[in-house]
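Overview (structure and organization)
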Amino acid sequence: MHFIKTIFRNFTHNQLYTAINIFGLAIGLSCFTFILLFIQDELSYDKHVKHYKQIYRIDADITISDRQQKVAKTSFAIGPAFQKEFPEVEDFVRFRSVDNSFLRFEEKKFYENLLYYTDSSIFRMFNHAFIFGNPETALKSKNSIVLTKTLAEKYFGSANPMGQLMNLGNKINCKVTGVIEDVPDNSHVQFEGLISMESYSQIIGEKMYHQLNTVHFWALRLFTFIKLKDNSSIETIYKKFPDFHDKHIADISKRLNGTYRFQAIRLDKIHLFSDAEWDLPTGDIRIIYIFTIIAIFILLIASINYMNLATARSSHKAKEVGVRKVLGAYRANLARLLIGESIILAFFALVMAIVIVESTLPFINNIWDKHLHFELLGNPIILLILITTSLLVGVLSGFYPSFYLSSFQPVIVLKGVLNPGRGSGNLRKSLIVFQFTISIIMIVGTLIVTRQMNFIKIQDLGFKKENLMVVRSTDTSFKKEIDFFKNELLANPNVYNISTSNTVPGGGNYMDVFLTEGKEKMEEQLMSHMFVDYNYIDLMGMTLISGRKFNPKQGTDINQSVIINWKAAQELGWNENALGKEIHRRSYGTEKYKVIGVLNDFHYSSLYEEIGPMVFFLEKQPEDLITIRINPKNKENTIAYIEQLWAQANPNEPFKYDYLDDILNELYTSDDNLQKVFTYFALLSILISLLGLFGLSSFITEQFSKNIGIRKLLGALGTIHRCFIIR
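Note that the structure is predicted; figures quoted are calculated from it, not measured. (Residues numbered from 1 in each chain as written. Predicted model: local features only at pLDDT ≥ 70, side-chain atom pairs only at ≥ 80, totals over all residues. Heavy atoms only, no water.)

1. Topic: the overall build of the protein
To keep things clear, this is the line we draw: Runs of H or I in DSSP of at least four residues are treated as helices and runs of E of at least two as strands, each being numbered from the N terminus. Contacts are assigned to residue pairs with any non-hydrogen atoms lying within 4.5 Å of each other. Using the Shrake-Rupley algorithm and a 1.4 Å probe, accessible areas are obtained, with residue cover drawn only from the displayed protein chains.
Helix and strand counts for the protein stand at 26 helices and 24 strands. A fraction of 80% describes how many contacts in the protein between residues 6 or more apart in sequence connect residues 24 or more apart. Summed over all atoms, the accessible surface of the protein reaches about 33900 Å², with 56% contributed by carbon and sulfur.

In structure tokens:
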């Protein structure tokens, strides 16, 4: 009890010292807690799935013309073929996103971005809890849909939606056959509605959907997961895959002059370790490493503050230590007293840190785009780590001061011969330098990430991305009104141009196998492609290297002409002689096209991805996306006008738009979040260091108060503060 009273007396007698240390440690521990919650959430992805150790996603690792590309998508055929050919595979499930579509029930209609076509096996492989419906039959039938709880409430309120019909994109009517609990935040595949995969056969055709011929293994369109049987190993499938390749894929691989390898990544590893293109948003294990280092750095800075202030106060403690030793106190007892003081201070800081975390977690969630929860009693792992860390910080922070102070010789101290505050001066200076070195490292990291983001924002993408609105439409009946819609918009002086396409840069990439003109024969080549109208190239501000753009006066352009990028001309070996070369759409029959123009390369996906070959096909009115370049000075009125005209021309679909800038920025969300995190943590590390420096300055000022008084009596005035600063 006397031990505790002594510690609290020291705290109350040195309130500034106590406040600085508790606040500095509290900031350090709160930062550590935030990072701990983030890391725990990142490491927990998909581990709630019962058999996650047996579930793998199949990726395609392809090489064509010496260009390697690893993508997270495979073909419709891979899942069924793997189950058929490999006895180790117990089940499979495929996910195909429903692009740019909306759901409608009676008068309620919304665009939904998280809808997927999937197989009924999803409920055997992933443990989704059903509120209504039977998991065995929910997605067995064509045109059936399963909703999450949130989506069901959005359309049906609290009513039971089972058996109700919902219209999908004015194309098919889906019957509600189940309602499940919302997908956990720490699931790699996020969805709000699932539509039976059989429904997709109406879109691509029954023949293509069911066939397993060789060309379909290269049509990379969806995510495929397999579940292995008990005691089976993915390595076994790796060993057997060459025979599978020879049977199903080798023919087209030879014609493409390419290779097709499969890669498998376990379900719980996807979020942090996937390096495949065309993936869903993922984390990065490198961020975990960086955040761990940041947490350690900030705790070190806070701990150094305590050590510096404790050794700086050694002159105040010296007489107390001397008296205690004269009265019989052992060095070990004194060391325990001083370390105990440090530990109790650390636990006070922990309590304050918990308050800080509770009050600021919504702000942190907004920065990280997370839904982190801080429940100590419901999260014993976090509680144990925080208590252990506080104890460790307390012991380490108090170890050197206790060792240093308990070593004083009582006779020398009580005579006033020893000035203990000076003995540790070099160490204090070294620790201060170390503190600010860490802060400078944090600042440098912030500057690097900031410059990276600035580079991304100012990089020439090969087109003009500013002031472009992207409006989505999937209603085929709207095609009849599209000319009216375009002409009315172009009559408005605030609308500069308008075009339609099946995708936009940053909005998704479509690849297929095409026949291309070689030196001796037609050769197969995997390339990205877009369907655009006559205005698209002008609208986007793209530039031609050679040839011409699509021309409505040229009647053959609609079904005989294509435009390629420079990368395609290079990879196909055409280079400057690309004009007039032939490309055939193999997947769609024997349609033949000639190259009429070559575009400068442009970035149609992330800057992290290498530009690949791209082909533009002309369609008078492509579905899905309408891109409008507007006057930036009168946006509100222009948008209101477009919405009014939309309601008149397309009453079946809700009006929804995005800016192309925002679509492109979403590709770099993780970079942007990293920049914010570095900035805030760098500022906090500087704040903690300045707190320690302020505390040291206060004690040094107190230590030299008598010295300053004597100097003033002797006539020193303006020079005192300069001497003090220099010292």
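2. Some words on the pattern of salt bridges
Note the following rule: For this document, the term salt bridge refers to a Lys or Arg side-chain nitrogen within 4 Å of an Asp or Glu carboxyl oxygen. Throughout, exposure labels follow a simple rule: accessible area from a 1.4 Å probe, protein chains only, divided by the maximum for the residue type, with under 20% read as buried, over 50% as exposed, and the rest as partly exposed.
Counted according to the given criterion, the structure contains 22 salt bridges. A salt bridge links arginine 124 to aspartate 91; its shortest N-O distance comes to 2.7 Å. Taken together, the residues arginine 124 in helix α4 (residues 122-125) and aspartate 91 in strand β3 (residues 89-97) connect sequence positions 33 residues apart. Note on arginine 124: relative accessible area 41%, which makes it partly exposed.

3. A look at helix α18 (residues 482-490)
We apply this condition: In this description, the arc belongs to the directions extending from the helix axis to the C-beta atoms.
All buried positions along α18 are accounted for by Ile482, Phe485, Lys486 and Leu489. The buried side chains of α18 occupy one side of the element, clustering within an arc of 95° when seen end-on. Contact partners of the buried residues in α18: β15 (495-501), β23 (624-630) and α22 (635-649).

4. Points about the environment of valine 615
Mapped onto the elements, valine 615 comes out in strand β22 (residues 614-618). Along the backbone, valine 615 and isoleucine 583 are 32 residues apart, and their C-alpha atoms lie at a distance of 9.3 Å. Residues contacting valine 615, with those up to four places away along its chain left out, are Met527, Ser528, His529, Met530, Val562, Ile563, Ile564 and Ile583.

5. Looking at the packing of helix α3 (residues 78-85) against helix α8 (residues 234-248)
Just so we agree on the cut-off: Helix axes use the C-alpha atoms of the stretch in contact, all axes being lines fitted to C-alpha atoms, and the angles between their N-to-C directions lie in the range 0 to 180 degrees. By definition in this entry, angles of less than 35 degrees are roughly parallel, angles greater than 145 are roughly antiparallel, angles of 65 to 115 are roughly perpendicular, and the rest are oblique. For any helix crossing, the convention is left-handed if the near helix is rotated counterclockwise from the far helix by under a right angle, and right-handed if that rotation is clockwise. Residue polarity is assigned by list, with Asp, Glu, Lys and Arg as charged and Ala, Val, Leu, Ile, Met, Phe, Trp, Tyr, Cys and Pro as nonpolar; anything else, Gly included, falls into the polar class.
Packing of α3 against α8 brings their axes to within 12 Å, and their N-to-C directions diverge by 115°. By the criterion of interaxial angle, the relationship of α3 to α8 is roughly perpendicular. α8 is crossed by α3, and the crossing has right-handed handedness. Touching Ile78, Ala81, Phe82 and Glu85 of α3 are Ile237, Phe241, Phe244, Lys247 and His248, all from α8. For the contact of α3 with α8, the residue count by class is six nonpolar, one polar and two charged.

6. Some points on the side chain of lysine 567
Residue position: lysine 567 is located in helix α21 (residues 566-571). Judged by relative accessible area, which is 17%, lysine 567 ranks as buried. Other than its neighbours up to four places away in sequence, lysine 567 contacts Asp601, Glu610, Ile611, Gly612 and Pro613.

7. With respect to the pairing of strand β12 (residues 223-228)
Cut-off, in case you're wondering: Note on pairing: two strands pair once DSSP finds at least 2 bridges between them.
Counted residue by residue, β12 has six buried out of six residues, so it is predominantly covered. A two-sided burial pattern is seen for β12, the buried positions comprising Phe223, Phe225 and Lys227 on one face and Thr224, Ile226 and Leu228 on the other. In this structure, strand β1 (residues 55-64) lies alongside β12, joined through four bridges in antiparallel fashion. By the bridge assignment for β12, isoleucine 58 is matched with threonine 224. Here β3 runs beside β12; their pairing, made up of six bridges, is antiparallel. Bridging from a neighbouring strand, aspartate 91 pairs with lysine 227 of β12.

8. Details of a negative patch on the surface
As a reminder of what qualifies: Each patch is assembled from residues with relative accessible area greater than 30% and no salt bridge, linking like charges that lie within 9 Å and nonpolar side chains (Val, Leu, Ile, Met, Phe, Trp, Tyr) that lie within 5 Å. Under the counting rule used here, the positive set is Lys and Arg, the negative set is Asp and Glu, and His together with the chain ends is not counted. A charge is said to be at NZ when it belongs to Lys, at CZ for Arg, at CG for Asp and at CD for Glu.
Together, Glu153, Glu181, Asp182 and Asp185 give the surface a local cluster of negative charge. You can see aspartate 182 is positioned in the loop between β10 (172-180) and β11 (193-196). Taking the relative accessible area as the measure of exposure, aspartate 182 reaches 37% and is therefore partly exposed.

9. Quick look at the pairing of strand β21 (residues 591-599)
Direction of pairing for strand β18 (residues 544-547) relative to β21: antiparallel, over a ladder of three bridges. By the bridge assignment for β21, serine 546 is matched with valine 598. Taken together, the five bridges between strand β19 (residues 561-565) and β21 define a ladder with parallel strand orientation. Counted as the bridge partner of isoleucine 564 is valine 598 from β21. Two elements, strand β20 (residues 582-585) and β21, share four bridges in a ladder whose sense is antiparallel. When the sheet's bridge partners are listed, histidine 584 is paired in β21 with lysine 592.

10. Examining α3
Among all positions in α3, only Ile78, Gly79, Ala81 and Phe82 are buried. For α3, the angular spread of buried residues about the axis comes to 170°, placing them on one side. Looking at the buried residues of α3, the elements they touch are β1, β3, β12, α8 and β13 (258-266).

11. Some words on empty space enclosed by the protein
Under the convention used in this document: Each cavity reported here is a set of points on a 1 Å grid over the protein atoms alone in which a 1.4 Å probe fits but cannot get out, each pocket an open set with protein on both sides within 12 Å along at least five of seven lines, and each lining residue one with an atom within 4 Å of a point. Grid points are joined across faces, edges and corners, and a volume is the space filled by probe spheres set on the points.
Following the criterion strictly, the structure yields seven cavities of 30 Å³ or more and no others. If you add up the space inside the second largest cavity, you get close to 70 Å³. Lining the second largest cavity are Ile456, Lys457, Leu461, Lys465, His603, Ser605, Leu607, Leu664, Asn665, Leu667 and Tyr668. Sorting the residues of the lining of the second largest cavity by element identifies α17 (425-458) and α23 (660-665) as the ones contributing at least two each. Residue composition of the lining of the second largest cavity, by class: six nonpolar, three polar and two charged.

12. Brief notes about a nonpolar patch on the surface
On the surface, a nonpolar cluster with roughly 280 Å² of combined accessible area is contributed by Phe347, Ile387, Leu391 and Val395. Top element by residues in the nonpolar patch is helix α14 (residues 380-405). It accounts for three residues. Relative to the helices and strands, valine 395 resides in helix α14.

13. Overview of the packing of aromatic side chains
Just so we agree on the cut-off: Put simply, two rings from Phe, Tyr or Trp (the six-membered ring, in Trp's case) pair if the centres are within 6.5 Å, and we call them stacked under 30 degrees between planes, edge-to-face over 60, tilted for the rest.
Applying the stated rule across the entire model yields 34 aromatic pairs. Relative to phenylalanine 244, the ring of phenylalanine 241 lies with its centre 5.6 Å away and its plane at 25°, an arrangement referred to as stacked. A residue pair is termed a helical-turn pair when its members lie 3 or 4 positions apart in one helix, as phenylalanine 241 and phenylalanine 244 do in helix α8 at three residues. Its relative accessible area of 7% is what places phenylalanine 241 among the buried residues. According to the relative accessible area criterion, phenylalanine 244 is buried, its value standing at 3%.

14. Quick notes on the nonpolar core
How we decide: Among buried residues, the Ala, Val, Leu, Ile, Met, Phe, Trp, Tyr and Cys ones that are joined through side-chain atoms within 4.5 Å form a nonpolar core.
Counting residues in each nonpolar core, the largest one holds 51 residues, and the members touching the most others are Phe291, Ile294, Trp368, Phe374, Leu386 and Phe681. Secondary structure elements with two or more residues in this core: α2 (15-43), α11 (285-312), α13 (331-368), α14, α17 and α24 (669-703). The dominant element in this core, judged by the number of residues it contributes, is α2, at 14 residues. Ignoring any residue separated from it by four or fewer positions in sequence, one finds phenylalanine 291 in contact with Ile35, Phe38, Trp368, Leu674 and Val677. Membership of the second largest hydrophobic core comes to 32 residues, among which are Ile64, Ala77, Met511 and Val513.

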